[in-house]
Amino acid sequence: MGQAYDDLGFPIPAEFEVPGTADGRRRRQRLRQGRPSRTKRWVVLLIAAGVLLPAIVGPELVPLAKQAVVRWSLERAFACEARDDVAGAVAELGRAVAWHGDDPSLLAARAMLRLENGDPVGAQQDADRAVMLSPGRSEAYRVRSIVHVCTGRPEAALADVARVVDLAGDGNAEAINLRAYVRGLVGREIDQGLDEIERLMMGMPEPPPEYLDTRGFLRHLAGRQEGALADLDAAIEQTHLQRRQMMRLRGHMDGIELLQGMRSLDHALAVMCHHRGLVLEALGQSEQAQADFDAARQKGFAPERGIL
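Residues numbered from 1 in each chain as written. Predicted model: local features only at pLDDT ≥ 70, side-chain atom pairs only at ≥ 80, totals over all residues. Heavy atoms only, no water.

Once that is clear, we can look at the nonpolar core. Grouped together as the largest cluster of nonpolar side chains are 38 residues, with contacts concentrated most on Leu-93, Val-143, Ile-146 and Val-182. Of all elements in the fold, only α3 (64–82), α4 (86–100), α5 (104–116), α6 (120–133), α7 (138–150), α8 (154–168) and α9 (173–186) reach the threshold of two or more residues within this core. Take this core: its biggest share by element is 8 residues, from α5. Listed in part, the 23 residues of the second largest apolar core include Ile-176, Ile-197, Ala-296 and Ile-307. (Core = buried A, V, L, I, M, F, W, Y, C linked by side-chain atoms within 4.5 Å. Buried < 20%, exposed > 50% of the residue type's maximum accessible area, 1.4 Å probe, protein only. Helix = DSSP H or I, 4+ residues; strand = E, 2+ residues; numbered from the N terminus.)

In structure tokens:
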């Protein structure tokens, strides 16, 4: 097979389809319909989804040559992250920023990747810049709150997550869950966080696993271990079910999307297993707790890198 080129005459890297082609449009549609949520990772690489690209690389905003380079860089970053090449994803996003210029969504995405790549200073710089560029949007505050958690700034984390709730508006479930969870992560306002997540879940016949995980974690911190264990068992069971359902799509969806989805679910399971290990340890079930801690590490649990 010869080298493929896009409609601008640029060679297309093998790792991705150029957005704007029929394949690229179908891929974005699948992402919008079927991509799993990412537990506790409040900014994803919105690469190839129809959210980030139109705003960043629309032909009315940048010359066509820049458009092609930014497209390539975003797609390659998405592929790198899916393959656990986080350093490569950071580099590709860096190229996108260099060609496009500072954009709060790009900087927020790179901040999370820099954090995962062991660069908290760079993550802080990107998050601060994203907030400065978009003080009226919650996205950058979401990311910076997690960066603050990882760098040991609890008051700053709580201030940023309070801003997220304000900007998201009353009743925004994701923002409420985030604030409750950050309260747990920094060990502050546990009772308020638990009350908040319980009131949120009261009207949900089937709460998503990430909300069960939050409530279970906060119940553990509040000393309510039996209820915590029930929540975390349910969260892990639901997430394993999502993982099995995704595996059935092998051969029916883009391979990079599948890798990215599996990576997201494994990180979610890592967090949930660690939380259940804490509960089991508190209940005196040390052997079962150690099994969960081992599973969490195997699946990528790493608080210092934002997988927490």
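For the coordinates displayed, the defined rule picks out 1 aromatic pair. For the pair Tyr-181 and Phe-217, a centre-to-centre distance of 5.6 Å together with 50° between the ring planes defines the contact as tilted. Of this pair, Tyr-181 sits in helix α9 while Phe-217 sits in helix α11 (residues 209–221), placing them 36 residues apart in sequence. Exposure class is identical for Tyr-181 and Phe-217. Each is buried. (Phe/Tyr/Trp six-rings, centres within 6.5 Å; stacked < 30°, edge-to-face > 60°.)

In this structure the tally under the stated criterion is 26 salt bridges. Ionic pairing is found between Arg-263 and Asp-84, a salt bridge with its closest N-O pair at 2.4 Å. Taken together, the residues span a long stretch of sequence, with Arg-263 in helix α13 (residues 255–282) and Asp-84 in the loop between α3 and α4 at a distance of 179 residues. The buried category is assigned to Arg-263, whose relative accessible area is 6%. Among the salt bridges present, the one from Lys-299 reaches Asp-266, with a minimum N-O distance of 3.4 Å. Of the two residues, Lys-299 sits in the segment after α14 (286–298) while Asp-266 sits in helix α13, which places them 33 residues apart along the sequence. The exposure class assigned to Lys-299 is partly exposed, which follows from its relative accessible area of 24%. (Salt bridge = Lys/Arg side-chain N within 4 Å of Asp/Glu carboxyl O.)

The end-to-end C-alpha separation of α11 is 18 Å, in line with the 18 Å expected for 13 residues at 1.5 Å each. Of all 13 residues making up α11, 12 are buried, and the element is well covered by its neighbours. Residues of α11 that are buried: Pro-209, Glu-210, Tyr-211, Leu-212, Asp-213, Thr-214, Arg-215, Gly-216, Phe-217, Leu-218, Arg-219 and His-220. Among the residues trailing α11, Gly-223 stands out with phi positive, at a value near 85°. (Expected span 1.5 Å × (residues − 1).)

The subject of this paragraph is helix α12 (residues 225–247). With 23 residues, α12 should reach 33 Å at 1.5 Å per residue; the first-to-last C-alpha distance of 33 Å fits that figure. The set of residues buried in α12 consists of Gln-225, Ala-228, Leu-229, Asp-231, Leu-232, Ala-235, Ile-236, Thr-239 and Met-246. On the buried face of α12, the contacting elements are α11 and α13. (Contact = heavy atoms within 4.5 Å.)

Where α4 contacts α5, the two axes come as close as 9 Å, and the packing angle between them is 155°. Viewed along their axes, α4 and α5 adopt a mutual orientation that is roughly antiparallel. Crossing of α4 against α5: the hand is left-handed. Where α4 approaches α5, its residues Val-86, Ala-89, Val-90, Leu-93, Gly-94, Ala-96, Val-97 and His-100 are matched on the opposing element by Leu-106, Leu-107, Ala-109, Arg-110, Leu-113, Arg-114 and Glu-116. (Axes fitted to C-alpha atoms, helices over the stretch in contact; angles between N-to-C directions. Parallel < 35°, antiparallel > 145°, perpendicular 65-115°, else oblique. Left-handed = near helix turned anticlockwise from the far one by under 90°.)

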